[in-house]
Amino acid sequence: MESQMSRPGHLTAHQTAQLLGVGLAGLRSIVHRGQLTRSGGTPRQPWYAAKDVAALAAQRATRASA
């Protein structure tokens, strides 16, 4: 189970996946394609910068509405 603790301004993988509307496999795919980069944590429990996640979510929402 993933730890719920992260640095201020960062999100866990589970939180990030939920905000982007994807599963963990989808999140790994997004990271692999270079659309989002890890900003801390461990290889098994990465953190993502909240501002980067918000920007990607906005970009995906704009693309979905177009």
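The structure we're discussing is the one just above.
To keep things clear, this report deals only with the structure shown in the data block. Just so you know, these numbers come straight off a predicted model, no measurement behind them.

**Some words on the overall build of the protein**
The helix and strand tally for the protein stands at 3 helices and 3 strands. Counting from the amino terminus, the protein carries its helices and strands in the arrangement β-α-α-β-β-α. Counting all 66 residues of the protein, 27% fall into the buried class. Restricting to contacts in the protein with at least 6 residues of sequence separation, those with at least 24 account for 46%. Entry remark: accessible area of the protein is about 4,500 Å², with carbon and sulfur atoms responsible for 57%.

**Observations regarding helix H2 (residues 24-32)**
Within the sequence span of H2, burial applies to Leu-27, Ile-30 and Val-31. Along H2, the residues classed as buried sweep out an arc of 100° about the axis, all on the same side. Among the exposed residues of H2, those oriented more than 90 degrees off its buried face are Arg-28 and His-32. As for H2, its buried residues are in contact with helix H1 (13-20), strand S3 (46-49) and helix H3 (50-65). The positive-phi residue at the C-terminal boundary of H2 is Gly-34, with phi of around 85°.

Criteria and thresholds
Residues numbered from 1 in each chain as written. Predicted model: local features only at pLDDT ≥ 70, side-chain atom pairs only at ≥ 80, totals over all residues. Heavy atoms only, no water. Helix = DSSP H or I, 4+ residues; strand = E, 2+ residues; numbered from the N terminus. Buried < 20%, exposed > 50% of the residue type's maximum accessible area, 1.4 Å probe, protein only. Contact = heavy atoms within 4.5 Å. Areas by Shrake-Rupley, 256 points an atom, 1.4 Å probe, with all protein chains shown as cover. Arc of directions from axis to C-beta.

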